[in-house]
Each structure stands twice: as C-alpha cells, then as structure tokens.
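# Results of the structural survey
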Protein chains: 4
Amino acid sequence: MAYEFKAVRRVEFSETDMAGIVHYANFFRYMETAEHGFFRELGYSVVMDQFEPAVGWPRVHAECDYRQPLRFEDEVEIHLLVSEKKSKSLSYRFKFYKLNASPRVEVARGSLTVVCVTKQADGRMAATHIPKAFADKVEVAPAELLA
Amino acid sequence: MAYEFKAVRRVEFSETDMAGIVHYANFFRYMETAEHGFFRELGYSVVMDQFEPAVGWPRVHAECDYRQPLRFEDEVEIHLLVSEKKSKSLSYRFKFYKLNASPRVEVARGSLTVVCVTKQADGRMAATHIPKAFADKVEVAPAELLA
Amino acid sequence: MAYEFKAVRRVEFSETDMAGIVHYANFFRYMETAEHGFFRELGYSVVMDQFEPAVGWPRVHAECDYRQPLRFEDEVEIHLLVSEKKSKSLSYRFKFYKLNASPRVEVARGSLTVVCVTKQADGRMAATHIPKAFADKVEVAPAELLA
Amino acid sequence: MAYEFKAVRRVEFSETDMAGIVHYANFFRYMETAEHGFFRELGYSVVMDQFEPAVGWPRVHAECDYRQPLRFEDEVEIHLLVSEKKSKSLSYRFKFYKLNASPRVEVARGSLTVVCVTKQADGRMAATHIPKAFADKVEVAPAELLA
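Before going into details, it helps to say that this report is about the structure given with it. Per chain, residue numbering runs from 1 following the sequence as it is written. Lettering for chains starts from A, numbering for ligands starts from 1, and both go in the order in which the items are written. Local features in this predicted model are restricted to residues whose pLDDT is 70 or higher, and side-chain atom pairs enter the listing and the counts only when it is 80 or higher, whereas totals over whole chains, interfaces and linings include all residues. Where side-chain values are given, they derive from all heavy atoms of the structure, hydrogens and water being excluded.

## Section: the interface of chain A and chain D
On the chain D side, the residues contacting the 16 residues of chain A number 16 residues. Joining two parts hides part of their accessible area as seen by a 1.4 Å probe, and the buried area is that hidden amount summed over both. Taken together, both faces of the contact between chain A and chain D bury some 1,400 Å²; the carbon and sulfur share is 43%. The term salt bridge refers to a side-chain nitrogen of Lys or Arg lying within 4 Å of a carboxyl oxygen of Asp or Glu. Scanning the region where chain A abuts chain D turns up four salt bridges. Among the ionic pairs, Arg9(A) bridges to Glu12(D), the shortest N-O distance being 2.7 Å. Listed by contribution, the elements that provide at least two residues to the side of chain A that touches chain D are β1 (4-10) and α1 (26-41) of chain A. Residues of the side of chain A that touches chain D, tallied by class, amount to four nonpolar, four polar and eight charged. Should any heavy atoms of two residues lie within 4.5 Å, those residues are counted as being in contact. Secondary structure counts use DSSP, requiring at least four H or I residues in a row for a helix and at least two E residues in a row for a strand, with both numbered from the N terminus. Residue classes follow a fixed rule: Ala, Val, Leu, Ile, Met, Phe, Trp, Tyr, Cys and Pro count as nonpolar, while Asp, Glu, Lys and Arg count as charged, and any other residue, Gly among them, counts as polar.

Here's what the structure looks like:
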C-alpha cells in the first residue's frame, strides 16, 4: 500500500513568465508529474488501457495556494499525499518545496480530486469503480502528514 | 464602477491533451484572459508600470471545478465576476460556458485571489494598497450573479 | 480557391517568459491558430473526421526566424500563405506582424510542412492523398506574396 | 572544452495533444532543456547575470524535422551538439531519441541559433561578444557527430 510520492523537477525557462517566476498555471502541471510518477511506481499508467474497458482519470477539482515564487532553475520537490480514497475517486494533497534553499522552503500547497471513468457507448464518460488491483495498492496518508 | 468582464476564446489544438479535451491547467490560463481583458477595459494593464512604484498582481489562490470537458474548436466564454475587494487584494469568480451548445452549458467554475504588490529595496515583493485610481473603478458583483 | 489567411491574437501573459517576451516556442502555436482558421474558413476542421477514413495533418517540418520580440498585450497578425501544394502534403509560409506599431512591423517569419495521413490497421500513420473536396479549395499563393 | 550535452526527459501528459502525441511546439521546449543543461554543466546559467553588463541569449532561428511521434511516458534523449560558434552567436544541432524502443530510434532532428546580447541604455537588445570565460569552454562538435 502506498500513500505518497515525491517528484523533483528543475524549473524550466519556458515555465517562467514576464514576472520572472513560474507561471501559476504550471503548478497544476507539476501536480500531474507527481501523480503520474505515483501511478508508475505502483506499476500503472494514468492511461489505464490494460483494463477492459479502459479507465481514465479526469480532474474534477484543482486548487493551489501560492506562498513564495519559484524561479528559473530552482529545484522543486512535489510531494503527493493521498488525502481521500473513495470507490470512484481519489484526492491528493500536494506540498511544493524549493530544495535549493537552506532549509528547504514550502512554496505552495495544492490539491486535486480525480474521478475514475470509462467511456460509455455514446462516447460520454461515466464514473466507475477504481479497478481493484490498483485500488488495493492505494491508501490514505496518515493525518499528521496531511496537516 | 465595473464588476464583470466576459472574454470569448476558441479552444486551440495545442490546448488539448491526449484525452481529447482541454488540459485542466489551461483553464487557469483562460482565467487570466478574462482578468487582463477586465483590466484593459478599465484602462489598465495588469502590469501596472504607470504607478510609482510599479505594482504587480501575483496570484495567491487559484481553484477550479470541472463539470464537462471542452474540446478543440469549442467556443468558450469566460465570465469574470469580482467576488471580493479588499484594500490590498481582489478575488474573482469565473464561470466557463461552452457557447457552441444550445442552450450554452456551464462547463467549469473557478476562482482566483490576487494581491497587489510592489517590489521592495531587497527585491522581495510586499503587499501594498491597490492604487486608488484603479480601485475606484472596481466593485464587487451583486450576490445573485456570484451564486 | 484560397491561398492565405490572417489571424490576429493578443499576446497573453502566460505566453511570455522571464525575458519579458513571448517564448519562442509559442510562435509555433500561433502558426496553428492561423492554419486552423484557414481550414475553418474553407469549411473544414484540421481534425478531418468527416472523411472515411478520417485524415489528420501531422507536422513534418517547422521553422521560424525571429527578428524582433513580441511583448505582453501586443497585437500580432499571423499571415498564412500556402507556399507549396503536393498530392499528400501542404507547406505554409507565415509572416508575423506586430500591429500595435506604426507602421506595423514584421517580427518573425516561419514555415510549416504538414502531411495528410490516415491511420492504418496496425495503428501507424501513413501518408495519403489530400481529400479532393478540400484540395480543390486550396492553391499556392502568388510568388510576390511569398517573397 | 565541451561540444555536446544529453538531457533525458519523460513525456508528460500535458505535453500531448488530442492526436495522442507530443505537440510539435514542445520539441522546442525540449531543445532548451538540453541547452540549459549544457550551460549548467559548464558552470553557467543561460541567464548570465554574473557578467557586467548581464548578457542574454535570444533565439534568432529555430527549426525541427519530425520523423516519428513521441507519446505519453516515452523517455526521450535530447542530444545537443554545438554546430557553429561565432563571436556573437552559437548554433546547435539537436537529435531526439526515443529511448524506450529497442534499438532506440531517432524521432526528430532540430537546430537553433542563439545570439549573445546585452540590454542597451534605450532598453533594446544589441548583439555582443560571447563572454570569453564562457566562449573558451565551448567548441564545435566533430563533423561526423553533426552528420
């Protein structure tokens, strides 16, 4: 059972904006870096086409609080924690740390709720149960880590 | 006094992802399209370098709830509503409508809180009062519109 | 028969980088804005799923020469010109003009070659003839415009 | 003296488009990943503010030829080779390899020309000599590697 994953990225030039800092929308791309690494670590891709029918994970809620800016070439750790596990959805908490600071500093905190879906005959997506093989590997993080 | 702005965009190919829909992080870029149009309509740029010292508007909170996907070439209206006005910050509500549907359908709802800052002598940003000339033009939207 | 299309965009904050100018990769996204507008004007989408089998238009070559920077809120015209028309591919020339300058100034020039493809039984893409109904509407621009 | 650098990335979900492949504009962002890694390996940042005056490296030409698509979670090696070194500019060749194929396959090839500039008193950029300390560390790659 796993409840966390840590991804590290270096801020790219193309992720900055004219204010000289990482554009705020990019934190949501960083969240996915950690989420997809979490899936891979469990032996899965977020594009779960090994199941029949294939399942996907659209986002239904996303948010982020920004405390300090990230700049070009900063090293950022994205710490994913599973904050909620339902039969058809997962929620994550994300803590963003700037590693090239001593001590490291938490620069942002976010969250994401994703729903497990399959494509119906009419092409629309419908929520479905998380495949058991995957669900069995995921658990909610301890409360003290989520705080 | 103004409390709203509507921007219309057509979804670009580069904004979609392999799920065939607009990548969720792009809704935060769409929010800025409406915000910056709102500023321009009031005679300002979000890069307020006409003030002395220059002021900027970093984001401190962003969130979005996704109801239905947007696809390539969909026409989307981003309706910005001022939801809160403080001495040093503004909050907006955003309602996203897919216009090429009959009737139009609300596909997402978001919010953003931005803080008015100036750069201090040490290069760090510090919150400051919203310039009066601009603040005088902005008011909170009626409660029934924000609902 | 059509050989050109002009799209106009306003530079978005999220398209700038820490150098204060539009990130160079975004000019390639701007090219598509004009290309897809060109297709729509002819009654088509670049996602041509009305044909049987459906055809797509992957890019095989892209290039751009940058002369002057574009900045936040600049108005840019992207002028697409068809520079070559083969049985299975099209090439475009793009001229980028900054409109909020007097006189307007050409800030960049690019080109793109795209191939008409269908998906084969094994899932791979193979070049195919441009559907006649579409090809009949497209012609190469006069040499003096391409210069 | 150095003439090459290899960066490895894993394709992110947000880098794909509705065709299920990496959007072509992102290859230009990948080129910068390798370029900036090359600079760092030599002890520099592409944002060279340690020099007086500070120098920057705007792009004046960029191009890419696409042979095969990259997909989500593919591992891509971006191999930068210095192809030309002038007093005020550098050119690179880029070879993109998909590593999770056996044998690895070259999926794209690109090039970039960047100019060393300083900001003049009037705010405009002007080409300047590459700082000697940095130039002394860079050489053109052997012809057989560039082929």
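## Focus: the interface of chain B and chain A
The interface is formed by 18 residues belonging to chain B together with 18 residues belonging to chain A. Where chain B abuts chain A, roughly 1,700 Å² becomes buried across the two surfaces, and 57% of that area is made up of carbon and sulfur atoms. For the chain B face of the interface with chain A, the top three residues by lost area are Tyr24(B), Phe28(B) and Tyr66(B), together amounting to 30%. For the interface between chain B and chain A, the tally reads zero salt bridges. Here a polar contact is recorded for every N or O atom pair within 3.5 Å, except that within protein the pair must consist of a potential hydrogen donor and a potential acceptor, and residues adjacent in sequence are included only if both atoms are side-chain atoms. Inspection of the chain B/chain A interface yields twelve residue pairs in polar contact (both at pLDDT 80 or more). Sorting the residues of the side of chain B that touches chain A by element identifies α1 (26-41) and β3 (59-66) of chain B as the ones contributing at least two each.

## Remarks on the side chain of Arg109(D)
All names here are of chain D. For Arg-109, the location among the structural elements is in strand β6 (residues 105-115). A polar atom in the side chain of Arg-109 sits 3.4 Å from the backbone oxygen of Ala-147. Apart from the residues within four sequence positions on either side, Arg-109 is in contact with Glu-63, Cys-64, Asp-65, Arg-67, Arg-93, Phe-94, Lys-95, Phe-96, Leu-146 and Ala-147.

## With respect to the relation of the copies chain B and chain A
Aligned on chain A, chain B shows an RMSD of 0.0 Å; the corresponding rotation is 180° and the shift along the axis is 0.0 Å. Taken together, the turn and the small shift mark the pair as related by a two-fold rotation axis. Distance from the rotation axis, computed per C-alpha, reaches its smallest value in chain B at Glu63(B): 2.0 Å. Of all interface residues in chain B, 100% are interface residues in chain A too; the two copies therefore contact each other through one and the same surface. Least squares is the method used to superpose the copies, on C-alpha atoms of residues holding a pLDDT of at least 70 in both.

## Regarding the side chain of Glu77(C)
Residue and element names in this part refer to chain C. Assignment of secondary structure puts Glu-77 in strand β4 (residues 75-85). A polar atom in the side chain of Glu-77 sits 3.4 Å from the side chain of Arg-104. If near-sequence neighbours (up to four positions away) are discounted, Glu-77 is found in contact with Lys-6, Ala-7, Val-8, Lys-95, Phe-96, Tyr-97, Leu-99 and Arg-104.

## So, α1(A)
Side chains three or four residues apart in an α-helix point the same way, a direct result of the helix having 3.6 residues per turn. What a helix is expected to span follows from its residue count: subtract one and scale by 1.5 Å. When the terminal C-alpha atoms of α1(A) are compared, their 23 Å separation across 16 residues agrees well with the 22 Å that a helix rising 1.5 Å per residue should span. With a 1.4 Å probe rolled over the protein chains alone, any residue whose accessible area is under 20% of its type maximum counts as buried; one over 50% counts as exposed, and the rest are partly exposed. Buried residues dominate α1(A), accounting for 14 of its 16 residues.

## So, the packing of aromatic side chains
Stacked, tilted and edge-to-face pairs are distinguished by plane angle, under 30 degrees for stacked and over 60 for edge-to-face with tilted covering the rest, among Phe, Tyr and Trp rings (Trp via its six-membered ring) whose centres lie within 6.5 Å. Per the stated rule, a full pass over the model turns up 54 aromatic pairs over all chains. When the centroid spacing of 4.6 Å and the interplanar angle of 35° are considered together, the rings of Phe39(B) and Phe134(B) count as tilted. Of this pair, Phe39(B) sits in helix α1 while Phe134(B) sits in helix α2 (residues 132-135), and the two are 95 residues apart along the sequence. One exposure class covers both Phe39(B) and Phe134(B), and it is buried. Aromatic side chains Trp57(C) and Phe134(C) sit 5.8 Å apart centroid to centroid with 65° between the ring planes, which places their arrangement in the edge-to-face category. In this pair, Trp57(C) is assigned in the loop between β2 (55-56) and β3 (59-66) and Phe134(C) in helix α2 (residues 132-135), connecting sequence segments 77 residues apart. Per residue, the accessibility class of Trp57(C) equals that of Phe134(C), and both read buried. An aromatic cluster of three or more residues is present, and its members are Tyr24(A), Phe27(A), Phe28(A), Tyr30(A), Tyr66(A), Phe96(A), Tyr24(B), Phe27(B), Phe28(B), Tyr30(B), Tyr66(B) and Phe96(B).

## Here's the deal with the relation of the copies chain A and chain D
Both copies of the chain are related by one operation, a rotation about an axis with a shift along it. Note on the identical chains: chain A maps onto chain D by a rotation of 180° and an axial translation of 0.0 Å, with an RMSD of 0.0 Å. Most of the interface of chain A is mirrored in chain D, where 100% of its interface residues are also at the interface.

## Here we look at the pairing of β6(D)
Residues and elements named next belong to chain D. Of all eleven residues that make up β6, ten are buried, and the element is covered over most of its length. Alignment of strand β3 (residues 59-66) against β6, held across seven bridges, turns out to be antiparallel. Note that in β6 the partner of Ala-62 across the bridge is Leu-112. Each pair of strands is called paired provided DSSP finds at least two bridges between the two strands. Two elements, strand β5 (residues 89-98) and β6, share ten bridges in a ladder whose sense is antiparallel. Bridge pairing links Leu-90 to Val-114 in β6.

## Quick notes on the sheet that holds strand β7 (residues 117-119) of chain D
All names here are of chain D. Within the open sheet, the three strands sit side by side as β2-β7-β8. Their pairing is antiparallel. Each of the sheet's edge strands pairs with one partner strand only, and the pair in question is β2 (55-56) and β8 (125-127). Sheet topology places β7 next to β8; three bridges connect them, and they run antiparallel. When the sheet's bridge partners are listed, Thr-118 is paired in β8 with Ala-126.

## Side note on the sheet that holds strand β5 (residues 89-98) of chain C
Sheet architecture is open: ten strands sit in the order β1(C)-β4(C)-β5(C)-β6(C)-β3(C)-β3(D)-β6(D)-β5(D)-β4(D)-β1(D), paired in antiparallel fashion. For this open sheet the edge positions go to β1 (4-10) of chain C together with β1 (4-10) of chain D, each flanked by a neighbour on one side alone. Mean inter-strand twist for the sheet, computed between neighbouring axes without regard to direction, equals 15°. Geometry is summarised by axes, namely lines fitted to C-alpha atoms with helices restricted to the contacting stretch, and by angles between N-to-C directions that run from 0 to 180 degrees.

## Considerations on the state of the cysteines
Two cysteine sulfur atoms form a disulfide, by the criterion used here, when they sit within 2.5 Å. Within the structure shown, the criterion is met by zero disulfides over all chains. There is no disulfide at Cys64(C), and the cysteine sulfur nearest it, in Cys64(D), is 13 Å away.

## Quick look at the pattern of salt bridges
Within this structure, the stated rule accounts for 40 salt bridges over all chains. Among the salt bridges present, the one from Lys98(B) reaches Asp74(B), with a minimum N-O distance of 3.9 Å. Taken together, the residues Lys98(B) in strand β5 (residues 89-98) and Asp74(B) in the loop between β3 and β4 (75-85) connect sequence positions 24 residues apart. The exposure class of Asp74(B) is buried, given its relative accessible area of 6%. When the shortest N-O distance is used, the salt bridge between Asp136(D) and Lys132(D) registers 2.5 Å. A residue is classified by how much of its surface remains accessible, and Asp136(D), at 40% relative accessible area, is partly exposed.

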